[in-house]
Amino acid sequence: MIEGNKLWEQTLEKFISEHNASDNFELLSEVSKVYKFENNFIYLIVPNALTKFRLEKFYSNTLNDIVQKITNSNIKYKFILQEDIKEEENLPLLVKDSINKRPLRAEYTFDNFETGESNRFAFISAMKVAETPETLYNPLYIFGDVGLGKTHLMMAIGHYILDNNPDKNVVYTSAQEFTEDYFLATSTKKGRDNIEKFYEKYRSADVLLVDDIQFLEGKQGTQEEFFKVFEYLHGLNKQIVITSDRSSNELKNMMLRLKSRFNWGLSVDIKHPDKKLRLNILRRKLSFLIEDPKAVPEEVLDIIAEHFTTNIRDLEGAIRRYVTYCVSLNIPFTVDNIYVALERLLPEKEVEVNKEVDNKKKFDKVKKSVAKYFQISVTDLESNSRKQQVTYARQMAIYLIKKLYNPVLKSIGDSFGGRDHATISHSIDKIENLINSNSLVKTDYDLLIKNIEEK
Ligand code: ADP
Ligand code: MG
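Residue positions are given per chain, counted from 1 along the sequence in the order it is written. Each chain gets a letter, beginning with A, and each ligand a number, beginning with 1, in the order they are written. Restriction of local features to residues with pLDDT of at least 70 applies here, the model being predicted, together with a cutoff of 80 or more for giving and counting side-chain atom pairs; totals for whole chains, interfaces and linings are based on all residues. Excluded from the side-chain calculations are hydrogens and water; all other atoms, namely the structure's heavy atoms, are used.

J.: Explain the site of ligand 1 residue by residue, including any values.
T.: Contacts to ligand 1 come from 18 residues, most closely from Glu114, Gly147, Thr151, Arg313 and Glu316. The term polar contact refers here to a pair of N or O atoms within 3.5 Å; inside protein, the definition further demands a hydrogen-donor-capable atom paired with an acceptor-capable atom, and it admits residues adjacent in sequence only when both atoms are side-chain atoms. Glu316 is positioned such that a nitrogen or oxygen atom in its side chain is 2.6 Å from an oxygen atom of ligand 1. Each accessible area value is a Shrake-Rupley result obtained with a 1.4 Å probe; residue values ignore everything except the protein chains displayed when judging cover. Contact with the protein chains covers 95% of the free accessible surface of ligand 1, which is 560 Å². In DSSP terms, a helix is any run of H or I states spanning at least four residues, a strand is any run of E spanning at least two, and both are numbered starting from the N terminus. Broken down by secondary-structure element, the contributors of at least two residues to the shell around ligand 1 are α6 (150–164), α11 (275–289) and α13 (312–329). Nearness is judged by heavy atoms alone; a residue qualifies as near a molecule or strand once a single heavy atom is within 4 Å of it.

Structure (structure tokens):
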């Protein structure tokens, strides 16, 4: 086993010395552990099927060549998923650190952070702190709901500082880890030796990043200890960055002195992303996942962005799941496949069903109003009739639905006899243009909106 680890480390070293594109390393750093070395195979554990697929496809040969040269044998690498291993088997050493010496996730950089209305101020503040730590805002307190990029932004500060000054001691910890460290340092038999290590770890920081401070709520002993560390570092003018799922004033069972310290510097929040930001993030993540992001239709991104509105981690999970699904089954990136792949990802199927029922009610309301207004029937609206009046009414109904409820285009298409995305999109553009250029159309639109809203 040790040997497997060693060989993998040597292979990586060699690989890194021969390549310098950082994205290569990123994929390789996904290998979390060497599992075993058996029958000339070194088994490497990877976190998901997509990573496995990409490593096999792009790196297997190179890595095998390297290890075969090193050992002058026929050894090969095999990638396996964590879930394929029996739980009880004890997992050996982490090897991630041999590539990424920083205590920070490699991809959590400013460059990889998309900005929009909801996070711009937090982003700018983090940048400023990273550019001139210790002088501006100390501490920087970043708060917001789960999955909105707090850890990402905090680690980006760390990366930036290290990029410009590799000697700085950037210490990243979570409040949970801090609590565990403190607990180990004080409560075990060997504890007393560890307390020195504990102080050494935290007091030697030039930059201290503390994630999810809300975890300290109600833990008085740890709060006291954190307070001391804070005072110590702050006194030395060392930069401190804290994240939390709520503002410092909203923290419960937290020492007042600590809360007031959190307000000494600058407090910034991250809000929920708007659709534009969600789409930008999806495009960005997609470019990490596949070589040709354009292969995935815009509507797929649109559907995902519509569904996952409050948590960027979930948004990312969705696109990853979709891509993994298509890639591992070797099927095309189609809109239909998103419904299959995503279905499993939605927390409850009922949500979907309810949404459809809900949509149907809304759409019916619009259809009825439009049909009445133009003195035709709802069936006409849904039909294939190309009579000018009917076509116009239909396009208007589609446009109104889009304007009023902004559903995904597919669901509009479905409710108009299975019309495709392009047709729906065309109808919307057409009416939009007419409203701007033709006052009669504008009047129809205004009256119809009024009718529908009064219902
Ligand atoms: P939090 O710490 O607020 O719970 P994270 O920082 O862990 O959230 O972010 C969750 C995921 O969303 C991460 O994978 C992160 O890279 C991604 N993410 C969040 N905000 C952005 C952004 N603005 N641009 C790109 N990725 C983002
Ligand atoms: Mg976090």
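J.: With reference to specific residues and values, describe the nonpolar core.
T.: The definition of a nonpolar core used throughout is a set of buried Ala, Val, Leu, Ile, Met, Phe, Trp, Tyr and Cys residues joined through side-chain atoms within 4.5 Å. Type-normalised accessible area, obtained with a 1.4 Å probe on protein chains alone, sets the label of each residue: buried when under 20%, exposed when over 50%, and partly exposed for intermediate values. Judged by nonpolar contacts, the single largest core of 57 residues is most densely connected at Leu140, Leu153, Ile157, Ile304, Ile319, Tyr322 and Val323. A total of 9 residues in this core trace back to one element, the largest contributor, which is α13. Residue contacts follow a heavy-atom distance rule, with two residues in contact if any of their heavy atoms lie within 4.5 Å. When neighbours within four sequence positions are excluded, Tyr322 is seen to be in contact with Val296, Pro297, Val300, Phe333, Thr334, Asn337, Ile338 and Ala341. Counting residues in hydrophobic clusters, the runner-up holds 28 residues, among them Val366, Tyr392, Leu400 and Ile428.

J.: Now, about the environment of Lys361: what can you tell me, with residues and values included?
T.: Along the chain, Lys361 turns up in helix α15 (residues 349–374). Between the alpha carbons of Lys361 and Arg419 there is a distance of 19 Å; along the sequence they are 58 residues apart.

J.: Tell me about the pattern of salt bridges, and name the residues and values.
T.: Any Lys or Arg side-chain nitrogen found within 4 Å of a carboxyl oxygen on Asp or Glu counts as a salt bridge. Going through the model one piece at a time under the given rule, you end up with 23 salt bridges. For Asp206, the salt bridge is made with Lys238, and the minimal N-O distance between the two is 3.0 Å. Here Asp206, found in the loop between α8 (191–203) and β6 (207–211), pairs with Lys238, found in the loop between α9 (220–235) and β7 (239–244); they are 32 residues apart in sequence, far enough to count as distant. What makes Asp206 buried here is its relative accessible area of 17%. A network of salt bridges, in which partner residues are shared, links Glu177, Asp181 and Lys201.

J.: Which residues make up the pairing of β6, and what values do they have?
T.: Counting buried positions along β6 yields 5 of 5 residues, so the element is predominantly enclosed. At least two DSSP bridges between two strands are needed for those strands to be called paired. Note: strand β5 (residues 170–174) against β6, 5 bridges, orientation parallel. By the bridge assignment, Val171 is partnered in β6 with Leu208. Sheet analysis places β6 next to β7, joined by 4 bridges and oriented parallel. Counterpart to Leu208 in the pairing with β7 is Ile240. A clockwise course of the path from the first strand over the helix to the second, judged with the strands pointing away from the viewer, identifies a crossover as right-handed. Regarding topology, α9 serves as the crossover connection from β6 to the parallel β7, and that connection is right-handed.

J.: For the sheet that holds β5, give the residues involved together with the corresponding values.
T.: Strand order in the open sheet formed by 5 strands is β5-β6-β7-β4-β8, and the pairing between neighbours is parallel. Where the open sheet ends on each side, the last strands, each with one partner, are β5 and β8 (266–270). For this sheet, the mean inter-axis angle between neighbouring strands, taken without regard to orientation, is 15°. Relative to β8, strand β4 (residues 140–144) is paired through 5 bridges, and the arrangement is parallel. Across the sheet, the residue bridging to Gly144 is Ile270, located in β8. Against the sheet, helix α5 (residues 120–131) engages β4, β7 and β8, with an angle of about 140° to β8. Packing against the sheet, α9 makes contact with β6 and β7, and its axis sits at approximately 145° to β7. Every axis in this analysis is a line fitted to C-alpha atoms, fitted for helices over the stretch in contact. Angles between the N-to-C directions lie between 0 and 180 degrees.

J.: I'd love a proper account of the packing of α13 against helix α14 (residues 335–343), names of residues and values included.
T.: The interhelical angle for the contact between α13 and α14, taken along N-to-C directions, is 110°, at an axis separation of 9 Å. Judged by the angle between their axes, α13 and α14 are roughly perpendicular. The two elements α13 and α14 cross, and the hand of that crossing is right-handed. Mapping the contact onto sequence places Ala318, Arg321, Tyr322, Tyr325 and Cys326 in α13 and Asn337, Ile338, Val340, Ala341 and Leu342 in α14. Amino acids are sorted into nonpolar (Ala, Val, Leu, Ile, Met, Phe, Trp, Tyr, Cys and Pro), charged (Asp, Glu, Lys and Arg) and polar (every other residue, Gly among them). Classifying every residue of the contact of α13 with α14 by side-chain character gives 8 nonpolar, 1 polar and 1 charged. Here the word oblique covers every angle except those under 35 degrees (roughly parallel), over 145 (roughly antiparallel) and from 65 to 115 (roughly perpendicular). Crossing handedness follows the turn of the near helix against the far one: under a right angle anticlockwise gives a left-handed crossing, and clockwise gives a right-handed one.

J.: Which residues make up the sheet that holds strand β3 (residues 76–81), and what are the values?
T.: Across a sheet, paired strands are connected by hydrogen bonds in the backbone, their directions being either parallel or antiparallel. With respect to topology, 3 strands assemble into an open sheet ordered β1-β2-β3, the strand pairing being mixed. In this open sheet, the two edge strands, each paired with only one partner strand, are β1 (33–38) and β3. Going across the sheet, the axis of each strand differs from the next one's by a mean of 30°, ignoring polarity. Here strand β2 (residues 41–46) runs beside β3; their pairing, made up of 6 bridges, is parallel. Among the inter-strand pairings, Leu44 is bridged to a residue of β3, identified as Phe79. Each of β2 and β3 is contacted by helix α3 (residues 49–58), which is oriented at about 165° to β3, the strand it contacts most. The strands touched by helix α4 (residues 60–71) are β2 and β3; relative to β3, the strand with the most contacts, the crossing angle is about 130°.

J.: Any chance you could break down the side chain of Glu299 for me, citing the residues and the numbers?
T.: Tracing the chain through its elements places Glu299 in helix α12 (residues 298–307). Although Glu299 is buried, it makes no salt bridge; Lys410 carries the closest opposite charge, 7.6 Å away. Not counting the four nearest positions on each side in its chain, Glu299 is found in contact with Val335, Leu409, Lys410 and His421. Charge convention: Lys and Arg are scored as positive, Asp and Glu as negative, and His as well as the terminal groups of each chain are ignored.

J.: Give a description of the confidence of the model for the chain that names residues and reports values.
T.: The predicted coordinates of low-pLDDT regions are not to be read in fine detail. Chain-level statistics for the chain give a pLDDT mean of 88 and a share of 91% at 70 or above. The low-confidence segment residues 88–100 (pLDDT under 50) makes 33 contacts with residues lying over four places distant or belonging to another chain. Segment residues 347–351: pLDDT under 50, and 1 contact once partners within four positions in sequence are set aside and those in other chains are kept. pLDDT expresses, on a scale from 0 to 100, how confident the predictor is about each individual residue.

J.: Which residues make up the packing of aromatic side chains, and what are the values?
T.: Each aromatic pair joins two rings of Phe, Tyr and Trp (for Trp, the six-membered one) with centres within 6.5 Å, and gets the label stacked for planes under 30 degrees apart, edge-to-face for over 60, and tilted for any other angle. Applying the stated criterion across every chain yields a total of 21 aromatic pairs. Ring plane angle 90° and centroid distance 5.7 Å describe the contact between Phe110 and Phe123, whose orientation is recorded as edge-to-face. Of this pair, Phe110 sits in the loop between β3 and α5 while Phe123 sits in helix α5, placing them 13 residues apart in sequence. This pair shows no difference in class: Phe110 is buried, exactly as Phe123 is. Taken together, a centroid distance of 6.1 Å and an interplanar angle of 50° make the contact between Tyr141 and Phe143 tilted. Its relative accessible area of 0% is what places Tyr141 among the buried residues. Classification of Phe143 by relative accessible area gives buried; the value is 17%.

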